Amino acid sequence: MSSIEDKIKGVANQVTGKIKEEVGHVTHDEKLEAEGIAQNLKGKVQKGVGDAKDTVKSGIDKL
């Protein structure tokens, strides 16, 4: 998977997770809220992987 794909999927998971988290909070659905928190964290990790790939590629390109 390319760095751009990682970043896009990461941001999508962050947004979806945040929505689930907020809906779960408003509706007092603890399970949905927890799922949202977990998905948001997964998205942050995915985005971080994409950023790391960019950093490595940039370093290689400079060689």
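Rules used in this analysis
- Residues numbered from 1 in each chain as written.
- Predicted model: local features only at pLDDT ≥ 70, side-chain atom pairs only at ≥ 80, totals over all residues.
- Heavy atoms only, no water.
- Patch = residues over 30% accessible without salt bridge, like charges linked within 9 Å, V, L, I, M, F, W, Y side chains within 5 Å.
- Areas by Shrake-Rupley, 256 points an atom, 1.4 Å probe, with all protein chains shown as cover.
- Salt bridge = Lys/Arg side-chain N within 4 Å of Asp/Glu carboxyl O.
- Helix = DSSP H or I, 4+ residues; strand = E, 2+ residues; numbered from the N terminus.
- Buried < 20%, exposed > 50% of the residue type's maximum accessible area, 1.4 Å probe, protein only.

If you check an unreviewed UniProt entry, the protein chain appears there as CsbD family protein from Gluconobacter cadivus.

**Student:** What is the right way to look at a nonpolar patch on the surface in this model?
**Tutor:** On the surface, a nonpolar cluster with roughly 320 Å² of combined accessible area is contributed by V11, V15, I19 and V23. Structurally, V23 can be placed in helix α1 (residues 3-26). Overall, the relative accessible area of 39% leaves V23 in the partly exposed class.

**Student:** For this particular structure, what's the right way to read the pattern of salt bridges?
**Tutor:** Pairing is possible between side chains that carry opposite charge, provided their charged atoms lie close to one another. Tallying each qualifying case throughout the model produces 7 salt bridges. Across the pair K7 and D54 runs a salt bridge, and its minimum N-O distance is 2.3 Å. Here K7 is found in helix α1, whereas its partner D54 is found in helix α2 (residues 30-61), with 47 residues between them in sequence. What makes K7 partly exposed here is its relative accessible area of 25%. Classification of D54 as partly exposed rests on a relative accessible area of 27%. Note that K47 and D51 form a salt bridge whose closest N and O atoms lie 3.4 Å from each other. With K47 and D51 both in helix α2 and 4 residues apart, this pair spans about one turn of that helix. Take D51: its relative accessible area is 30%, and that puts it in the partly exposed class. Several salt bridges converge on common partners, so that one network encompasses K7, K47, D51 and D54.

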